[in-house]
Amino acid sequence: MIKKCLFPVAGYGTRFLPATKSMPKEMLPIVNKPLVQYGVEEAIEAGMTTCALVTGRGKRAIADHFDISFELEQQISGTGKEKYLESIRDVLEKGVFTMVRQREMLGLGHAILTGEVLVGNEPFGVVLSDDLCLNDGMGVLSQMAELYNQFRCSIVAIQEVPREDVHKYGVIAGESLKDGIFRVDEMVEKPDPDKAPSNLAIIGRYILTPDIFDIIRETPPGANGEVQLTDALQTQARKGCVMAYQFKGRRFDCGSVPGFVEATNFVYENIYQQD
Ligand code: UTP
């Protein structure tokens, strides 16, 4: 059983400036809950109760969010407002939170490597909390954890995207094993639409085997001078050790303003419960 989940939350979130000048992007709320809490709830539902946060400068609000606010607890104890704290109290009761700082933002691969000290030598989940995944049934990480038990290798969550959007994603090519499950042969980060091997785009949910750390260490910086996780996964894929999974559920790209607005409207209309 996979017990740990890594949350790389060190990025600058430039697409949301000036909102993200002094506030972490991951604390932007979708209605009344910060993005990162949705991700943590998904991990806990999948049994990954140790949440390892790779943070950076200016991200202290995330650490505070996953701690008790003593004054607040005192203030609203015994009042009708306690219900507003229910979801975060539940998360704090079930989850354990560990943190490490990424001192230089050298890319997602580098952020994952920074988390090695928190993960150790075991398979682990990864959530990029700006991808918000919502399901009626089992969460995406739970679906992937089931698949891991079957294949015992790294798994990336994929989604079909319009051809003209493939340049925003890592894209896979591979052999279809059964409905929605592929053995990955090739992965390309942000390809030109006419050179992309498919329109199956990798989104922000992964299960990684711990050999990924040594591979990242050996991986030179790629696109944008950043250490790309996709490049390290490509090395695993060459050994036949990466599966791609077309998950069930909806995903919103909350790292972009249109996706964020779409998610807000969806949650407000379908999930949020007013008094
Ligand atoms: P993004 O590139 O989408 O996030 O990285 P960003 O850089 O914060 O956003 P923009 O493009 O400037 O608006 C994907 C994820 O990887 C994390 C980010 O926090 C985000 O969750 N990340 C990225 C790190 O933790 N460290 C890095 O060095 C880079």
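Everything numeric here is computed off the predicted structure, so don't read it as measured data.

Undergrad: Would you explain the overall build of the protein in this entry?
TA: Across its full length, the protein carries ten helices and 13 strands. Its C-alpha radius of gyration of 18 Å places the protein within 12% of the 19 Å reference for a compact globule of 275 residues. Dimensions of the protein, computed from the C-alpha atoms along their principal axes, are close to 60 × 40 × 40 Å. Sequence-distant contacts in the protein: of pairs separated by 6 or more residues, those separated by 24 or more amount to 76%. When the accessible surface of the protein is totalled, it reaches about 13,600 Å², and 49% of it is carbon and sulfur. Within the protein, the 38 negative side-chain charges are centred at a point lying 3 Å from the centre of the 29 positive side-chain charges.

Undergrad: Could you clarify how one ought to interpret the UniProt feature "domain: Nucleotidyl transferase" (unreviewed entry) in the protein in this entry?
TA: Annotation from UniProt places "domain: Nucleotidyl transferase" (unreviewed entry) at residues 10-268. Secondary structure within residues 10-268 divides into 33% helix and 26% strand; the distance between the first and last C-alpha atoms comes to 28 Å.

Undergrad: Teacher, can you tell me more about the site of the ligand here?
TA: Close to the ligand lie 17 residues; G11, G13, T14, Q102 and G107 are nearest. Between the ligand and L106, the relevant distance is 3.4 Å, taken from an oxygen atom to a main-chain nitrogen or oxygen of the residue. Across the complex, the protein chains shield 81% of the 570 Å² of accessible surface that the ligand would expose by itself.

Undergrad: Sorry if this is basic, but what is going on with the pattern of salt bridges here?
TA: Oppositely charged side chains are able to pair whenever their charged atoms sit close together. Evaluation of the coordinates by the stated rule reveals 15 salt bridges. Between D192 and K195 there is a salt bridge, and its shortest N-O distance comes to 3.6 Å. By relative accessible area, which is 64% here, K195 ends up exposed. A salt bridge links E262 to R250, with the shortest nitrogen-to-oxygen separation between them at 3.4 Å. With a gap of twelve residues between them, E262 in helix 10 (residues 257-270) and R250 in strand 13 (residues 250-253) connect regions that are remote in the sequence. Classification of R250 by relative accessible area gives partly exposed; the value is 39%.

Undergrad: Teacher, can you tell me more about the nonpolar core here?
TA: Within soluble globular proteins, side chains that are nonpolar generally end up buried alongside one another. One finds F7, V40, M48 and F66 to be the most contacted residues of the largest nonpolar core, which totals 37 residues. Elements supplying a minimum of two residues to this core: strand 1 (4-8), helix 1 (35-45), strand 4 (50-55), helix 4 (86-94), helix 7 (140-151), strand 8 (154-160), strand 11 (200-208) and strand 12 (242-246). Broken down by element, the residue count for this core peaks at six residues, all from helix 7. Counting 33 residues, the second largest nonpolar core, distinct from the first, contains L113, V156, I158 and I202.

Undergrad: Would you take a moment to explain the packing of aromatic side chains for this structure?
TA: Aromatic rings in a pair are described by how distant their centres are and how their planes are angled relative to each other. Summed over the entire model, instances satisfying the criterion amount to five aromatic pairs. Between F124 and F213, the ring centres sit 5.3 Å apart and the planes meet at 0°, which makes this aromatic pair stacked. Linking F124 in strand 6 (residues 124-127) with F213 in helix 8 (residues 212-218), this pair joins segments that are 89 residues apart in sequence. A relative accessible area of 0% means that F124 is categorised as buried. Accessibility expressed as a relative area gives 2% for F213, which makes it buried.

Each value, and the rule that gives it
Residues numbered from 1 in each chain as written. Predicted model: local features only at pLDDT ≥ 70, side-chain atom pairs only at ≥ 80, totals over all residues. Heavy atoms only, no water. Helix = DSSP H or I, 4+ residues; strand = E, 2+ residues; numbered from the N terminus. Rg over C-alpha atoms; globule rule 2.2 N^0.38 Å. Contact = heavy atoms within 4.5 Å. Areas by Shrake-Rupley, 256 points an atom, 1.4 Å probe, with all protein chains shown as cover. Lys, Arg positive; Asp, Glu negative; His and termini not counted. Charge placed at Lys NZ, Arg CZ, Asp CG, Glu CD. UniProt positions renumbered as here; feature names shortened; annotations may be inferred. Near = heavy atom within 4 Å. Polar contact = N/O pair within 3.5 Å; in protein donor to acceptor, adjacent residues only side chain to side chain. Salt bridge = Lys/Arg side-chain N within 4 Å of Asp/Glu carboxyl O. Buried < 20%, exposed > 50% of the residue type's maximum accessible area, 1.4 Å probe, protein only. Core = buried A, V, L, I, M, F, W, Y, C linked by side-chain atoms within 4.5 Å. Phe/Tyr/Trp six-rings, centres within 6.5 Å; stacked < 30°, edge-to-face > 60°.

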